[in-house]
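As a plain string of letters, each chain reads:
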Amino acid sequence: MDETGRRIVDIVGRAFADPLPARAREAARRHLLDSLGCTLGGLSSPPALIARDLARRVAATRPARVFAGGFATSPEMAAFANTVALRYLDFNDTYISKSGLHPSDAIPALVALAECHGATGAALIAAIVAAYDVLGAIADATDIRERGWDQGILISIAVAAAGTRLAGGDDPVVGHAASIAAVSDVPTRQTRVGELSMWKGCATAAAARNGVFAAELALAGMTAPPAPFDGYHGLGELVTGPLDLRVPTEPGTALARTSLKFHPSEYHSQAPLDLLARIRPGLDVDAIEAIRIASYWVVVDEIAEPAKWAPASRETADHSLPYLVATMLVHGDVWVDSYGPDRLADGRVRALMAKIRIEERAEFTAAYPGELLTEFEFTFRDAPRRIERVAAPRGHPGNPMSWNDVERKFDRLARSGPGEQRGAAIRDAIDALERGTVGELVDTLAPAR
């Protein structure tokens with residue numbers, strides 16, 4: 001292994017060493033509950049239906065189950081189908097650093113590998129901690145976004161490494177799996193620019209599937225290039241730049257720095273939506289003449305680029321700050337039903353969007369990512385201007401969501417999808433997870449029909 005590979009193996013090994021810190025275990029269970037709620041909310045989506053149809057065509061001698069329908073398929077296809085459902089709502093957690101990503105994109109893949117290999121619930125918790133720490137270490141070391149590469153690079157490597165250890169692989173096998181993922185899965189960021197398609201919520205699902213495949217290959221004895229990260233024509237030279245991964249001093253460090261989402265929308269819209277939800281009762285929305293929004297560069301580049309001012313799809317709308325702002329002000333909420341055809345064509349929302357201007361402010365950019373600053377200036381007909389500023393959104397490590405907050409989010413999502421009758425059983429299974437097997441958790445997620 002090269003040095004980066006050795007550090008990835010070290011990170012994974014530390015998470016599986018006993019005892020895992022209690023705060024890491026608690027955080028892993030909280031993020032697992034949150035991700036499963038997001039999955040239940042996305043099960044009926046068109047991309048999830050497509051993915052499940054493909055998964056039904058595949059049989060395996062060592063299968064894993066899809067979370068709707070209760071049917072078994074290969075672990076790779078289960079990982080893909082379940083992650084597509086998780087990602088559809090763009091409601092799962094977010095890690096902000098040099099690279100930004102959604103670490104819980106790895107969770108359905110780890111569940112599939114755990115079920116396939118008969119792993120314990122305690123091992124799944126350790127694998128979640130390991131995957132987050134691998135993702136955090138790489139995200140802290142490189143800005144792949146501005147290099148034109150997609151976050152799936154990180155997901156595939158983390159799933160391969162943590163999933164291999166979860167399935168019983170030793171350090172050399174973990175290294176081979178991470179290497180296979182690194183040299184074979186380098187997606188471009190075209191997925192997330194301009195008018196967005198269904199694939200926006202599927203790209204990291206494909207990466208997670210590839211991570212499962214890399215793990216299975218390494219577990220079967222496949223060897224991999226010895227210097228995939230630091231060597232000639234390796235990931236560092238061609239994709240990420242030099243990688244100097246920092247091994248966390250305690251497992252769970254990345255989980256502690258990962259944000260949960262309170263609103264089903266792109267992460268950098270969270271704080272603005274928090275602000276608007278708080279002040280809307282005192283605003284005369286019909287009297288607004290103009291809204292000027294100042295924020296940091298990622299907001300302008302990611303959710304205020306030209307294509308985001310006339311969203312025609314759900315995928316574009318949940319990444320459109322003008323649409324989200326206008327929807328919150330007109331309707332008083334942004335929820336999973338805010339992106340249907342009627343809402344996208346809402347004349348009041350479109351009229352208010354036309355009054356919005358969004359610009360970068362240099363000092364806010366300089367403060368990012370330590371602070372996520374956004375300022376609103378409202379101009380009213382026959383009323384004084386109003387200026388409001390917001391920073392850490394609800395769910396940020398500096399403004400965390402409690403376990404009860406996550407439970408309420410989970411329950412609301414379960415009611416919005418086909419998982420309403422399963423919500424209590426899933427929560428009970430997570431509470432008992434470390435005393436049982438992953439198969440017992442999947443029993444509640446994928447009931448036989």
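See above for the structure.
Residues numbered from 1 in each chain as written. Predicted model: local features only at pLDDT ≥ 70, side-chain atom pairs only at ≥ 80, totals over all residues. Heavy atoms only, no water.

Visitor: Got a minute to help me understand the overall build of the protein in this structure?
Guide: The helix and strand inventory of the protein stands at 21 helices and 6 strands. Against the compact-globule benchmark of 22 Å for 449 residues, the protein has a radius of gyration of 21 Å, which places it among compact chains. Taken over the C-alpha atoms alone, the protein extends approximately 75 × 50 × 40 Å along its principal axes. Buried positions account for 63% of the 449 residues belonging to the protein. Within the protein, residue pairs in contact and separated by at least 24 positions form 76% of the contacts whose partners lie at least 6 positions apart. Within the structure as shown, the protein displays about 16600 Å² of accessible surface, and the carbon and sulfur contribution to it stands at 51%. (Helix = DSSP H or I, 4+ residues; strand = E, 2+ residues; numbered from the N terminus. Rg over C-alpha atoms; globule rule 2.2 N^0.38 Å. Buried < 20%, exposed > 50% of the residue type's maximum accessible area, 1.4 Å probe, protein only. Contact = heavy atoms within 4.5 Å. Areas by Shrake-Rupley, 256 points an atom, 1.4 Å probe, with all protein chains shown as cover.)

Visitor: Would you mind going over the side chain of Thr365 with me for this structure?
Guide: With respect to the element layout, Thr365 can be found in helix H18 (residues 362–367). In this structure Thr365 comes out as buried when scored by relative accessible area, which is 19%. In this structure the side chain of Thr365 is engaged in a polar contact, spanning 2.7 Å, whose partner is the side chain of Glu360. When neighbours within four sequence positions are excluded, Thr365 is seen to be in contact with Ser295, Tyr296, Trp297 and Glu360. (Polar contact = N/O pair within 3.5 Å; in protein donor to acceptor, adjacent residues only side chain to side chain.)

Visitor: Looking at this structure, I do not really get the side chain of Arg361. What am I missing?
Guide: Tracing the backbone shows Arg361 in the loop between strand E4 (356–360) and H18. When sequence neighbours within four positions are dropped, the list of residues in contact with Arg361 reads Arg292, Ala294, Ser295, Glu375 and Arg389.

Visitor: Teacher, can you tell me more about the sheet that holds strand E6 (residues 383–390) here?
Guide: Adjacent strands of a sheet pair through backbone hydrogen bonds, lying either parallel or antiparallel. As summarised here, the arrangement of the 4 strands in space is E4-E3-E5-E6, forming an open sheet in which the pairing is mixed. The outermost strands of the open sheet, each flanked by one partner alone, are E4 and E6. Taken pair by pair, the neighbouring strands of this sheet meet at an average axis angle of 15°, ignoring direction. Helix-sheet contacts for helix H12 (residues 270–279) involve strand E5 (374–380) and E6, and the interaxial angle to E6 is about 135°. Together, strand E3 (288–295), E4 and E5 form the strand contacts of helix H15 (residues 321–331), whose direction differs from that of E4 by roughly 135°. (Pairing = 2+ DSSP bridges. Axes fitted to C-alpha atoms, helices over the stretch in contact; angles between N-to-C directions.)

Visitor: Please explain the state of the cysteines as it appears in this structure.
Guide: Simply put, disulfide is the name for a covalent bond between the sulfur atoms of two cysteines. Throughout the structure, instances matching the rule amount to 0 disulfides. Left unpaired, Cys38 is separated from the closest cysteine sulfur, that of Cys202, by 15 Å. A relative accessible area of 0% places Cys38 in the buried class. Note on Cys202: relative accessible area 7%, which makes it buried. (Disulfide = S-S within 2.5 Å.)

Visitor: Whenever I open this one, the packing of aromatic side chains confuses me. Can you help?
Guide: What describes a pair of aromatic rings is the distance from one ring centre to the other and the angle between the planes of the rings. What the rule picks out here adds up to 5 aromatic pairs. On the numbers, 6.1 Å between centres and 20° between planes, the contact of Phe378 with Phe380 is stacked. On the basis of relative accessible area, Phe378 is assigned to the buried category, the value being 0%. The class for Phe380 is buried, based on a relative accessible area of 11%. Here the aromatic residues Phe376, Phe378 and Phe380 are joined through ring pairs into a cluster of three or more. Positioned above the aromatic ring of Phe91, the side-chain terminus of Lys409 is 4.0 Å from the ring centre. When the ring centre of Trp335 is taken as origin, the NZ or CZ atom of Arg412, which lies over that ring, is 3.7 Å away. (Phe/Tyr/Trp six-rings, centres within 6.5 Å; stacked < 30°, edge-to-face > 60°. Lys NZ or Arg CZ within 6 Å of the ring centre and 35° of its normal.)

Visitor: Please explain the nonpolar core as it appears in this structure.
Guide: Buried together is how nonpolar side chains tend to be arranged in soluble globular proteins. Membership of the largest hydrophobic core comes to 107 residues, with the highest contact counts inside it found for Ile8, Leu36, Ile157 and Leu166. Listed in part, the 44 residues of the second largest apolar core include Ala271, Leu275, Ala326 and Val349. (Core = buried A, V, L, I, M, F, W, Y, C linked by side-chain atoms within 4.5 Å.)

Visitor: Hey, could you run me through helix H8 (residues 171–184) in this one?
Guide: Helical geometry note: an α-helix holds 3.6 residues per turn, so side chains three or four residues apart project in the same direction. Across its 14 residues, H8 extends 20 Å between first and last C-alpha, which sits within 8% of the 20 Å expected from 1.5 Å per residue. Of all the residues in H8, the buried ones are Val173, Val174, Gly175, Ala177, Ala178, Ser179, Ile180, Ala181 and Ala182. For H8, the secondary structure elements touched by its buried residues are helix H1 (3–16), helix H7 (152–166), helix H9 (203–219) and helix H10 (235–240). (Expected span 1.5 Å × (residues − 1).)

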